[in-house]
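As a plain string of letters, each chain reads:
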Amino acid sequence: MPPARSTASHASVAYLRIPEFAQRGVADEAHLKEALEKVVAGALPVLRADEYIVVDAPEGLAVVVLANPRGALRFAWRAGLDREIEPAIGLAHGPVRIAQGQPPVLYGDALIAAEGAAKATNPGRVSASRDFRDALTRVHPGMRRLLVRSGSAVDDQGRAHEIFRADERTAGRRSSLFFWTTILIAIGIVGAGYVVKVTRPPPPVPQVITAPPVTPSVPEVVPGAVTFDIKPEGEIWVDGAFKGKSPPLKKIQVPPGNHAIEVRSGHFKPMTAELTVGQGEEFAVEHNFIAKAPPKAPVKSATKTLPRPQAPAATPSQTKRAATPEQEKGFWSRFFQLFKGDDRPAPAGSPGG
Amino acid sequence: MIDLPQPDPPADKSEHVGRYRLLKEIGRGAMGIVFLGEDEGLGRRVAIKTILASMDSEEQKGYLARFKQEAKALGGLNHPSIITVFEFGDSNGIAYLAMEYLEGKDLRDLIASRKLDLSSAVDVVAQVCDGLAFAHSRGVVHRDIKPGNVMVIEGNRAKIMDFGIARVRSSDLKTQTGLMLGSPRYMSPEQVLGRAVDHRSDLFSVGLVLYELLAGAPPFGGNDVHQIMYQICNARPAPPSATNPAVTRALDIIVAKALEKDLDARYQDAAAMAMDLRAALPEVAGAGAAPVLPPSELERLNTAVAAATVVIPIAGVHVIPRFDCDAALKRLADPRGSDRRRMAPSAEPPPLLRRWFSDGAFLFAVGLTAAAVAAAAFIATS
């Protein structure tokens, strides 16, 4: 006997239990035990040679793993892959002592707890006790999530143990979920970057004057715009169609021509205006429902944006993108417009338009 | 507990018991003497069991009752694996039992001399099981199966003897539970604990005998009765193959099943055990006779077994010698260096930073940052 130490060494135990072992005949049991030994021998290479002790157990085998809980888990996963025996594997961590003899005898709490965990496990699955999870987490905190609480079991000594599912399948599902979420978010970021790049104006290239790839005989229509400054708020209707609330709506684009603008707000008297909008013309509508002042007529803004001179001779092959007045505006407003999906007519000559 | 026959002054040649002439004393137990006798009428040899006269009357009464019990138990049992009883009688106040005289050796001698090879041993135990199955079917529980009570005669035939403390169903003899009878070394846990004993108790004892035959040493060693009894109730012995590599896996399992402490997990009837033993026989026969180990090696093994079994802890499990685990065993028995820390019970949680790093959160952050950088670079290169 080694000199008695005040504390027993703690080790991990993987208990491989053959399902319904006791109900089988001796020949069957002998065959299964032999097969299980082969399974264990096949899975042992995940551990170092001085890390494991294989012991005989009443309904299977147990492997004591020294100072390597992750190794024990990997061993269990590997051994659990066997489809012929489908051992139910219980993992525990705790005191294991050795009684010298020929052959030596191991005993201790961890062996009992592992047996209890194995008994609470379905064939082909892996379970772990809380002590095992704690031991694993101490060394590899990230593996905490791999073990999910699934219930409790009572061992031969009548003690209850928390049981954690430790299947490779469960663990794999969790880590792959994590992995794919990360990938998706990353793709999202890159995708957003792509969108930004696509909608960004190209640097001005003076030599190449772009032209729409549509038939040049059709005169280009440049929409006009109406800006709103409504207090406190109002619904904007243009030609009988609801366009949104202002605020936040500030500006809408309208095709050139006559338009009936109506601004409604609850029980207030709606403000109406008839506008004749020319190409690229901009009107400003200001109205305060609360102030009893008579509604102001829309005024034509001072700024009037006109279409840039077009060069009809440009070859379509040279033009990737038509520069419309739209694209001269700020990046963020265009970015938001992309998502607002307003029903303004697509600027002729825009990509895909 | 060992009742070796003592050389005794030869009985009076002219002494007769009933119609049998006593030739010589062949055995002596605590309470009776067994003589070799001769049936003068038939000219056949018989064994005559009598009561030792030197007992006080109270003891004698008890023994007489048991004696009758044996006669009654045996009288109804006619089986090739059970000793045959010819007559139970009373001659001049001496009760006697005339039985078949068996020329052979009992298992105790055979184990000591290791004359029995593996397949013969298995065969003998299977025969014992046959005999027990028959006795059990007649409601007789032997309760004292031990190597000394199994005789192996010519042709490797086994005979169960000494039904002295056998329990017969609807017996008029009060062999109350709680009174310990039998040899402690071959008792079942329920016998040791004074619980109700049924036929499965015999199977435990057979398991012990089988173990000893296979391994060459009893599973529960030590010379102290209490130590043995404690282990009978609590310890799980090493499989016999640990001592004798020629023992097959099936035999290991049969032994383990017979030595189950839980009655319901044990063999439920002797016939099933006999069947399993016979099924295991071809494999043993194929392996040839058990390797005869040199005496020194035997001695070492036996002492090793004895040393090991003395300290078998409750719920202990045995290292499987097929796997080479010596290095790990050394580490476990005597942790050195960093092992002292790594194999110590510890409850401290890991440092926060380390937790983050290995949590996957770090990877997640790296992944997203990489994606963001890629997106930014993509935008910039227009």
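Residues numbered from 1 in each chain as written. Chains lettered and ligands numbered in written order. Predicted model: local features only at pLDDT ≥ 70, side-chain atom pairs only at ≥ 80, totals over all residues.

Peer 1: An account of the overall build of chain B is requested, with residue identities and associated values reported.
Peer 2: Helix and strand content of chain B: 13 helices and 12 strands. Of the contacts formed within chain B by residues at least 6 apart in sequence, a portion of 65% connects residues at least 24 apart. (Helix = DSSP H or I, 4+ residues; strand = E, 2+ residues; numbered from the N terminus. Contact = placed C-beta atoms within 7 Å.)

Peer 1: Give a description of the sheet that holds strand 10 (residues 157-160) of chain B that names residues and reports values.
Peer 2: All names here are of chain B. Spatial strand order, 7-9-10: 3 strands in an open sheet with antiparallel pairing. The two strands at the open ends of the sheet, each matched to only one other strand, are strand 7 (104-106) and strand 10. Between one strand and the next, the sheet's axes are offset by a mean angle of 30 degrees, whatever the strand orientation. Here strand 9 (residues 150-153) pairs with strand 10 via 4 bridges, running antiparallel. Residue pairing across strands places Ile153 opposite Arg157, the latter belonging to strand 10. Contacts between helix 3 (residues 118-137) and the sheet are confined to strand 9 and strand 10, with strand 10 contributing the most and set at about 40 degrees to the helix. (Pairing = 2+ DSSP bridges. Axes fitted to C-alpha atoms, helices over the stretch in contact; angles between N-to-C directions.)

Peer 1: So what about the pairing of strand 6 (residues 94-100) of chain B? Which residues, and what values?
Peer 2: Residues and elements named next belong to chain B. Alignment of strand 4 (residues 44-51) against strand 6, held across 5 bridges, turns out to be antiparallel. The residue bridging Thr50 from the neighbouring strand is Tyr96, located in strand 6. Linking strand 5 (residues 85-91) back to strand 6 in an antiparallel pair, the connection comprises 2 residues, with Asn92 at a positive phi of about 50 degrees.

Peer 1: Summarise the nonpolar core; cite the residues concerned and give the values.
Peer 2: Membership of the largest hydrophobic core comes to 84 residues, with the highest contact counts inside it found for Val125 and Cys129 of chain B. With 11 residues, helix 3 of chain B is the largest single contributor of residues to this core. Each of domain 1 (16-100) and domain 2 (104-290 + 306-328) of chain B gives at least three residues to this core. Core analysis: the next-biggest nonpolar cluster, separate from the first, contains 71 residues, Ile89, Ile112 and Ala153 of chain A together with Ile320 of chain B among them. (Core = buried A, V, L, I, M, F, W, Y, C linked by C-beta atoms within 7 Å. Buried ≥ 20, exposed ≤ 12 C-beta atoms within 10 Å, placed from the backbone. Domains from an automatic or database assignment.)

Peer 1: Provide a residue-level description of the sheet that holds strand 10 (residues 234-238) of chain A, including the pertinent values.
Peer 2: Each strand in a sheet pairs with another by means of backbone hydrogen bonds, the pair being arranged parallel or else antiparallel. Residue and element names in this part refer to chain A. Judged by pairing direction, the sheet is antiparallel, and its 4 strands sit side by side in the order 11-10-13-14 without closing on themselves. Each of the sheet's edge strands pairs with one partner strand only, and the pair in question is strand 11 (241-246) and strand 14 (271-277). Sheet twist, expressed as the average angle between the axes of neighbouring strands with direction ignored, equals 25 degrees. Summarising the sheet, strand 13 (residues 257-264) and strand 14 pair through 7 bridges and their orientation is antiparallel. Paired with Asn258 across the strands is Thr276, a residue of strand 14.

Peer 1: Run through the interface of chain B and chain A, naming residues and quoting values.
Peer 2: At the junction of the two partners, chain B supplies 60 residues and chain A supplies 53 residues. Elements supplying a minimum of two residues to the side of chain B that touches chain A: helix 7 (249-258), helix 8 (270-286), helix 9 (295-310), strand 12 (317-318), helix 10 (326-333), helix 11 (338-342), helix 12 (352-358) and helix 13 (361-380) of chain B. Here the side of chain B that touches chain A takes 10 residues from helix 13 of chain B, the largest share from any one element. Pairing of strand 5 (residues 105-107) of chain A with strand 12 of chain B involves 2 bridges; the strand directions are antiparallel. Paired with Leu106 of chain A across the two strands is Val317 of chain B, which belongs to strand 12 of chain B.

Peer 1: Describe unusual backbone geometry, and please don't skip the residues or the numbers.
Peer 2: All names here are of chain A. Located in the positive-phi region is Ala67, a residue other than glycine, with phi close to 50 degrees. Structurally, Ala67 can be placed in the loop between strand 3 (60-65) and helix 2 (69-80). The buried category is assigned to Ala67, around which 23 C-beta atoms lie within 10 Å. Look at Glu86: it is not a glycine, yet its phi comes out positive at around 50 degrees. Mapping Glu86 onto the fold places it in the loop between helix 2 and strand 4 (88-99). Judged by C-beta crowding, with 16 C-beta atoms within 10 Å, Glu86 ranks as partly exposed.

Peer 1: Lay out helix 3 of chain B in plain terms, naming residues and giving numbers.
Peer 2: Residue and element names in this part refer to chain B. Between the first and last C-alpha of helix 3 there are 28 Å, a value that for 20 residues agrees with the 28 Å anticipated at 1.5 Å per step. The element helix 3 is extensively covered by neighbouring structure, given that 17 of its 20 residues are classed as buried. Remark: Gly139 follows helix 3 within two positions and exhibits a positive phi of approximately 80 degrees. (Expected span 1.5 Å × (residues − 1).)

Peer 1: Account for the packing of helix 1 (residues 26-43) of chain A against helix 2 of chain A, naming residues and giving values.
Peer 2: Residues and elements named next belong to chain A. Relative orientation of the contacting elements helix 1 and helix 2 amounts to 130 degrees, with a least axis distance of 9 Å. One finds that helix 1 runs oblique with respect to helix 2. The handedness of the crossing between helix 1 and helix 2 comes out as right-handed. In contact with Val39, Val40 and Ala43 of helix 1, helix 2 contributes Phe75, Arg78 and Ala79. Taken together, the residues that form the contact of helix 1 with helix 2 break down as 5 nonpolar, no polar and 1 charged. (Parallel < 35°, antiparallel > 145°, perpendicular 65-115°, else oblique. Left-handed = near helix turned anticlockwise from the far one by under 90°. Nonpolar A, V, L, I, M, F, W, Y, C, P; charged D, E, K, R; others polar.)

Peer 1: Hey, could you go over helix 7 of chain B for me, with residue numbers and the actual values?
Peer 2: For helix 7 of chain B, a buried count of 9 out of 10 residues is recorded, marking the element as mostly surrounded by other parts of the structure. Residues of helix 7 of chain B that are buried: Arg249, Ala250, Leu251, Asp252, Ile253, Ile254, Val255, Ala256 and Ala258 of chain B.

Peer 1: So what about the pairing of strand 8 (residues 160-165) of chain A? Which residues, and what values?
Peer 2: Residues and elements named next belong to chain A. Of the pairings in the sheet, the one linking strand 6 (residues 126-129) to strand 8 comprises 3 bridges and is antiparallel in character. Residue Ser127 lies in a different strand from strand 8, and its bridge partner there is Arg165. Two elements, strand 7 (residues 148-154) and strand 8, share 6 bridges in a ladder whose sense is antiparallel. If you follow Arg149 over to strand 8, its bridge partner there is Phe164. Linkage of strand 7 to strand 8, two consecutive antiparallel strands, is achieved through a turn of 5 residues, within which Gly158 is found at a positive phi near 80 degrees.

Peer 1: Residue-level account of the packing of helix 3 of chain B against helix 5 (residues 199-215) of chain B, with values.
Peer 2: Geometrically, a packed helix pair is captured by the angle between its two axes and the distance between the axes. All names here are of chain B. The geometry of helix 3 relative to helix 5 is characterised by a closest axis approach of 10 Å and an angle of 170 degrees between their N-to-C directions. The angle between helix 3 and helix 5 places the two elements in the roughly antiparallel class. Each of Leu118, Ala121, Val125, Val128, Cys129, Leu132 and His136 in helix 3 lies in contact with helix 5, whose residues at this interface are His199, Asp202, Val206, Val209, Leu210, Leu213 and Leu214. Grouping the amino acids of the contact of helix 3 with helix 5 by side-chain chemistry returns 11 nonpolar, 2 polar and 1 charged.

Peer 1: I'd like a description of the environment of Lys105 of chain B, backed by residues and values.
Peer 2: Residues and elements named next belong to chain B. Structurally, Lys105 can be placed in strand 7. With 16 C-beta atoms packed within 10 Å, Lys105 lands in the partly exposed category. Linking Lys105 and Gly148, residues 43 residues apart in sequence, is a C-alpha distance of 9.2 Å. Contacts of Lys105, omitting those with residues within four sequence positions, involve Leu110 and Val152.

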